[in-house]
Amino acid sequence: ETAVFQTPNYHVTQVGNEVSFNCKQTLGHDTMYWYKQDSKKLLKIMFSYNNKQLIVNETVPRRFSPQSSDKAHLNLRIKSVEPEDSAVYLCASSRTGGEDTQYFGPGTRLLVL
Amino acid sequence: GDSVTQTEGQVALSEEDFLTIHCNYSASGYPALFWYVQYPGEGPQFLFRASRDKEKGSSRGFEATYDKGTTSFHLRKASVQESDSAVYYCALGVGNMGYKLTFGTGTSLLVDP
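Just so it is clear, the structure is predicted and the values come from calculations on it, not from any experiment.

A. Focus on the overall build of chain A. Check the secondary structure of chain A and you find zero helices and 11 strands. When the helices and strands of chain A are read in sequence order from the N terminus, they spell out β-β-β-β-β-β-β-β-β-β-β. Here chain A has a C-alpha radius of gyration of 13 Å; the compact-globule value for 113 residues is 13 Å, and the two agree. Taking the principal axes of the C-alpha coordinates as reference, chain A spans close to 35 × 30 × 25 Å.

B. Spatial organisation of the side chain of A:Ser65. All names here are of chain A. Following the sequence through the fold, Ser65 ends up in strand β7 (residues 64-70). Judged by relative accessible area, which is 18%, Ser65 ranks as buried. In this structure, Ser65 is in contact with Asn75, Leu76 and Arg77, ignoring residues within four places of it in sequence.

C. Spatial organisation of the interface of chain A and chain B. The interface of chain A with chain B comprises 26 residues on the first partner and 22 residues on the second. Here chain A meets chain B over a buried area of about 1900 Å², counting both sides, of which 57% is carbon and sulfur. On the chain A side of the contact with chain B, A:Leu43, A:Gly98 and A:Glu99 bury the most area, a combined 30% of that side's loss. One can count seven residue pairs in polar contact (both at pLDDT 80 or more) joining chain A with chain B. At the level of elements, β4 (31-37), β5 (43-50), β6 (53-57) and β10 (103-104) of chain A are the ones that each hand at least two residues to the side of chain A that touches chain B. The class makeup of the residues in the side of chain A that touches chain B is 11 nonpolar, 10 polar and five charged.

D. Examining the state of the cysteines more closely. On inspection of all chains with the given rule, the structure shows two disulfides over all chains. A disulfide bridge connects A:Cys23 with A:Cys91, and the sulfur atoms are separated by 1.9 Å. In this structure the cystine formed by A:Cys23 and A:Cys91 twists about its S-S bond by roughly -80 degrees; its chirality is therefore left-handed. In this pair, A:Cys23 is assigned in strand β3 (residues 19-25) and A:Cys91 in strand β9 (residues 87-94), connecting sequence segments 68 residues apart. Assigned by exposure class, A:Cys23 and A:Cys91 land together as buried. Residue pairing for B:Cys23: its cysteine sulfur links by disulfide to B:Cys90, the two sulfurs lying 1.9 Å apart. For the disulfide bridge between B:Cys23 and B:Cys90, the dihedral angle about the S-S bond is near -60 degrees, and by the sign convention the bridge is left-handed. A residue pair is termed long-range when its members are at least 10 positions apart, and B:Cys23 in strand β4 (residues 23-26) and B:Cys90 in strand β10 (residues 86-93) qualify at 67 residues.

E. Representation of the environment of A:Ser69 within the structure. All names here are of chain A. Along the chain, Ser69 turns up in strand β7. Under the relative-accessibility criterion, Ser69 is labelled exposed at 53%. Each C-alpha atom of the pair Ser69 and Asn51 lies 9.8 Å from the other, and the pair is 18 residues apart in sequence.

Reading guide: rules and limits
Residues numbered from 1 in each chain as written. Chains lettered and ligands numbered in written order. Predicted model: local features only at pLDDT ≥ 70, side-chain atom pairs only at ≥ 80, totals over all residues. Heavy atoms only, no water. Helix = DSSP H or I, 4+ residues; strand = E, 2+ residues; numbered from the N terminus. Rg over C-alpha atoms; globule rule 2.2 N^0.38 Å. Buried < 20%, exposed > 50% of the residue type's maximum accessible area, 1.4 Å probe, protein only. Contact = heavy atoms within 4.5 Å. Buried area = accessible area lost by both parts, 1.4 Å probe. Polar contact = N/O pair within 3.5 Å; in protein donor to acceptor, adjacent residues only side chain to side chain. Nonpolar A, V, L, I, M, F, W, Y, C, P; charged D, E, K, R; others polar. Disulfide = S-S within 2.5 Å.

Next comes the structure, spelled out in structure tokens:
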């Protein structure tokens, strides 16, 4: 099966903890993304990587750091989470970038207590 | 910067009603336009796209026509079903302006049986 996979599905943690989310795509794409979806369902780009290189880094707090080991994997680490980090984190991939169609994973739901 | 406007936050219909969700965009380049659908607990699913003026995209009975003159890409369906209940997002991507999609605020569609 070719798709975008994310783990974990759901994570609950305390303020100040570190969390890490994983994303893997088996579509053979060169570009991967992290989006944040807030409680109002707004979707905002956080990062994009093309061939393991960071291309887009929107205005994201420094406690967020993406990590790419190869074209098929893009992880997201959050150091010292805060309550406003509670959201759904969506990973996506596309063949290249720009106007290419992006395919999304199921998301990781983070709740910070 | 680039932006997408969806005027309807929520739409409530009965089965077999006609659906229109409005999408207008503003972009510095010549964008590709997309519609995505998101069901509860899932990531956004690609519906269809259009890349040039007057091109029509369609899938699963939904359709939209790229209109450069009115900067619009309105989603339409002739006869909705209860299973169409979901959140619909209009998005744009600009080929040479970076690696990201810019999403509208989403329209929640609820179809009563």
